[in-house]
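Okay, here's what each chain looks like letter by letter:
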Amino acid sequence: MPKIYGAEVVGLGKSLPSKCLTNQDLEKMIDTNDEWIQSRTGIKQRYIMGEGEALSDLCVNAAKQALEQAKLDVDDIDLIICGTFSADYRLPSLAALVQDKLGAKNTGAFDINAACTGFIYTLVTGAQFIRSGTSKNVLVIGADCCSSQIDWEDRSTCVLFGDGASALVLRRNEDPNVGVQSSYFGSDGGGKESLWIEAGGSLMPITKEVLQEKKHRVSMTGKDVFKFAINALTTSAKIVLKQEGLEASDIKLLVPHQANSRIINGAAKRLDFNKEQIYINIDRYGNTVAASVGLALRDSYDEGLMKSGDKILIIGFGAGLSWGGTVINWSID
Ligand SMILES: CC(C)(COP(=O)(O)OP(=O)(O)OC[C@H]1O[C@@H](n2cnc3c(N)ncnc32)[C@H](O)[C@@H]1OP(=O)(O)O)[C@@H](O)C(=O)NCCC(=O)NCCS
């Protein structure tokens, strides 16, 4: 049997744009109010990109923090993977821009688009490169610039999303029981229309009509996504826990994708997790799509909520439809 290595989490980083947009700011822009947004979603504010800011720059800031914590030089990185649906350009990848801006000389780089499940898909993919022995140090990034993709006149979507980037460094460890453990991915492209951007791809290029009808912007059927989301989180957690032979009580912290505090609490209730086990920071950032789980990992770590030896369960869902999860055997204090 070939040797399996551990994909140890050794560094975390985050970066947010300079402009903070509160619910009160949104009240001045569209027909909404703080009470509606907070009671339906748990969101109080989000950060959005200002003029001259690039998503790749946020990624580089987050990556530098993660590398510093990992005590690794940029040239130690042999793979960069970015989870994103809103890279600086349609071509080339965000990961290629990050490689260049970091000055990383010894690395491959590519993007993964799994929307809001992007951080989990990207982390698990990076871990596979390490567990198989292909890579030694992988830089995993989740980043999105939602403010450039949403319709700012559609109150049912624009209040939900924010921009940001998170980074995580995985390092090869001789012990396969350290770091990212077994995982689960789900996909149902049949549900694509419940959360999508119809135009701008190869099937419907941008035209004058497309722009008029705003088909190049995010469109969502909120109620359908809500129902799907609770099931997706619950299924992902149950499958990963079963694979690992764990109960909810074995998990120190459940770090879910941050789309809506009602969705998170609904799933946690079905899974018998208690309040202290669940991490929620959506109030600060809104739904940052592929960045969200990485931002939540960084913040919960900074708040002292995990220590070496803890088991961390991460689960997510998003457009695709997509969903999934994994367990991390935490090893940094
Ligand atoms: C979007 C969401 C918060 C809406 O909550 P909801 O309780 O389903 O609300 P409804 O859609 O029933 O809308 C209720 C009313 O609020 C109104 N409304 C919608 N957005 C509003 C806003 N920002 N401010 C004020 N009112 C709003 C609707 O127009 C509707 O009014 P009506 O009853 O007069 O037609 C909820 O469906 C949701 O979170 N879905 C999942 C979305 C998600 O997580 N997407 C990302 C996945 S990764």
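The following paragraphs examine the structure supplied in this document.

Rules behind the numbers
Residues numbered from 1 in each chain as written. Predicted model: local features only at pLDDT ≥ 70, side-chain atom pairs only at ≥ 80, totals over all residues. Heavy atoms only, no water. Buried < 20%, exposed > 50% of the residue type's maximum accessible area, 1.4 Å probe, protein only. Helix = DSSP H or I, 4+ residues; strand = E, 2+ residues; numbered from the N terminus. Arc of directions from axis to C-beta. Contact = heavy atoms within 4.5 Å. Axes fitted to C-alpha atoms, helices over the stretch in contact; angles between N-to-C directions. Parallel < 35°, antiparallel > 145°, perpendicular 65-115°, else oblique. Left-handed = near helix turned anticlockwise from the far one by under 90°. Nonpolar A, V, L, I, M, F, W, Y, C, P; charged D, E, K, R; others polar. 1 Å grid on protein atoms, 1.4 Å probe; cavity = no way out; pocket = protein on both sides within 12 Å on 5 of 7 lines; lining within 4 Å. Points joined across faces, edges and corners; volume = space filled by probe spheres on them. Domains from an automatic or database assignment. Phe/Tyr/Trp six-rings, centres within 6.5 Å; stacked < 30°, edge-to-face > 60°. Patch = residues over 30% accessible without salt bridge, like charges linked within 9 Å, V, L, I, M, F, W, Y side chains within 5 Å. Areas by Shrake-Rupley, 256 points an atom, 1.4 Å probe, with all protein chains shown as cover. Salt bridge = Lys/Arg side-chain N within 4 Å of Asp/Glu carboxyl O. Lys, Arg positive; Asp, Glu negative; His and termini not counted. Charge placed at Lys NZ, Arg CZ, Asp CG, Glu CD. Near = heavy atom within 4 Å. Polar contact = N/O pair within 3.5 Å; in protein donor to acceptor, adjacent residues only side chain to side chain. Sits in = over half its atoms within 2 Å of the grid points.

All buried positions along helix H9 (residues 261-270) are accounted for by Ser261, Ile263, Ile264, Ala267 and Ala268. All buried residues of H9 fall inside an arc of 160° around its axis, so they share one side. Buried residues in H9 make contact with helix H2 (34-41), helix H8 (222-244), strand E11 (253-256), helix H10 (282-285) and strand E12 (311-318). Asp272 sits one or two residues past H9 and shows a positive phi near 65°.

Before going further, it helps to spend a moment on the packing of helix H3 (residues 55-70) against helix H4 (residues 94-102). Here H3 crosses H4 at 60°, and the two axes come no closer than 9 Å. Comparing their axes, H4 and H3 come out oblique. Every pair of crossing elements has a handedness; the one defined by H3 and H4 is right-handed. Here Leu55, Ser56, Asp57, Cys59, Val60, Ala63 and Lys64 of H3 come into contact with H4, specifically with Leu94, Leu97, Val98, Lys101 and Leu102. Here the residues of the contact of H3 with H4 are counted per class, giving 8 nonpolar, 1 polar and 3 charged.

Here we take up the layout of surface pockets. Reported here for the largest pocket is a volume of approximately 1000 Å³. Together, 40 residues line the largest pocket, and Phe85, Ser86, Asn113, Gln149 and Ile197 are the ones closest to its centre. Listing elements by their share of the lining of the largest pocket, those giving two or more residues are strand E5 (108-112) and strand E9 (195-196). Its residues assigned to classes, the lining of the largest pocket comprises 22 nonpolar, 12 polar and 6 charged. Mapping the lining of the largest pocket onto the domain boundaries places at least three of its residues in each of domain 1 (6-177) and domain 2 (180-329). One number sums up the size of the second largest pocket: a volume of about 470 Å³. Where the lining of the second largest pocket is concerned, the elements lending two or more residues are H2, H8, H9 and E12.

What follows is about the packing of aromatic side chains. Pairs of aromatic rings are described using the distance from one ring centre to the other and the angle between the two planes. Counting across every chain of the model gives 6 aromatic pairs. Between Phe228 and Trp323 the ring centres are 5.7 Å apart and the planes differ by 70°, which places this aromatic pair in the edge-to-face class. Taken as a pair, Phe228 in helix H8 and Trp323 in strand E13 (residues 322-329) lie far apart in primary sequence, 95 residues in all. What makes Trp323 buried here is its relative accessible area of 15%.

A cis amide bond links Leu91 with the next residue in sequence, Pro92, at an omega value of 0°. Relative to the helices and strands, Pro92 is located in the loop between strand E4 (79-83) and H4. The peptide bond linking Gly320 to Leu321 adopts the cis configuration, its omega dihedral lying at -5°. Among the secondary structure elements, Leu321 is positioned in the loop between E12 and E13. If you check the backbone angles, Ala115 has positive phi at about 50° while not being a glycine. When you line up the elements, Ala115 lands in the loop between E5 and helix H5 (118-131).

A word on a positive patch on the surface. On the surface, Arg40, Lys223, Lys227 and Arg262 cluster together into a patch of positive charge. As for its placement among the helices and strands, Lys223 is situated in helix H8.

Here the focus is the pattern of salt bridges. In total, this model carries 14 salt bridges according to the counting rule given. Across the pair Asp310 and Lys252 runs a salt bridge, and its minimum N-O distance is 3.6 Å. Taken together, the residues span a long stretch of sequence, with Asp310 in the loop between helix H11 (292-302) and E12 and Lys252 in the loop between H8 and E11 at a distance of 58 residues. Assessed through its relative accessible area of 8%, Asp310 is described here as buried. Salt bridges here are not isolated pairs; linked through shared partners, they connect Lys14, Arg284, Asp299 and Glu303.

Near the ligand there are 23 residues, and of these Thr32, Arg155, Gly222, Lys223 and Asn260 occur at the shortest range. Contact between the ligand and Trp36: an oxygen atom at 3.1 Å from a side-chain N or O atom of the residue. Interatomic distance of 3.1 Å between a side-chain N/O atom of Arg40 and an oxygen atom of the ligand. Compared with its free state, where it exposes 970 Å², the ligand has 73% of that area covered by protein. Judged by the proximity of its atoms to the pocket grid, the ligand belongs to the second largest pocket. Listed by contribution, the elements that provide at least two residues to the shell around the ligand are H2, helix H6 (155-158), H8, H9 and E12. The element that contributes the greatest number of residues to the shell around the ligand is H8, accounting for 4 residues.

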